[in-house]
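# Observations on chain architecture
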Amino acid sequence: MSMTINITQKALKFLQKAKKKKLYIKRLVVTQCCIPISTPPTVRKGSPRKLDDYYQFNVNGITVYYDRNLIRKPELTIDTQGLGFYERLVVSDWVIRY
């Protein structure tokens, strides 16, 4: 699978501070009253449980696992979001079209 994954400097510092060299991008399915809601994928530190369900990339020394059930994008960017003590990794350029 050909895909460009970018990790911002803020996200790299976040991972370094957490002492993690792996992350995974996972499809998030939210069902509200029997209707699935389209949401951006979640980004988690560490490795997924079932590696066979993910594509593997190496970006700036970070191993990135990308869920095989997600739409294949030509390029995406991993960044951080949050304030103060609460900060998390996100896919910053994921666009949802209805």
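Everything here concerns the structure above.
The paragraphs below set out a description of the structure included in this document.

Calculation rules
- Residues numbered from 1 in each chain as written.
- Predicted model: local features only at pLDDT ≥ 70, side-chain atom pairs only at ≥ 80, totals over all residues.
- Heavy atoms only, no water.
- Pairing = 2+ DSSP bridges.
- Helix = DSSP H or I, 4+ residues; strand = E, 2+ residues; numbered from the N terminus.
- Axes fitted to C-alpha atoms, helices over the stretch in contact; angles between N-to-C directions.
- Contact = heavy atoms within 4.5 Å.

The sheet built from 3 strands is open, its strands ordered S1-S8-S9 with mixed pairing. Edge positions in the sheet fall to strand S1 (4-7) and strand S9 (86-91), since each of these pairs with one other strand and no more. Mean inter-strand twist for the sheet, computed between neighbouring axes without regard to direction, equals 20°. Sheet analysis places strand S8 (residues 75-83) next to S9, joined by 6 bridges and oriented antiparallel. In the strand pairing of S9, Thr 80 is matched with Leu 89. In this fold helix H1 (residues 9-17) packs onto S1, S8 and S9, with an angle of close to 65° to the strand it touches most, S8.

It is worth spelling out the pairing of strand S2 (residues 22-26) at this point. Judged from the 4 bridges that link them, S2 and strand S7 (residues 62-67) form a sheet pairing that is parallel. Bridge pairing links Ile 25 to Tyr 66 in S7. Taken together, the 4 bridges between S2 and strand S5 (residues 42-45) define a ladder with antiparallel strand orientation. Residue pairing across strands places Ile 25 opposite Val 43, the latter belonging to S5.

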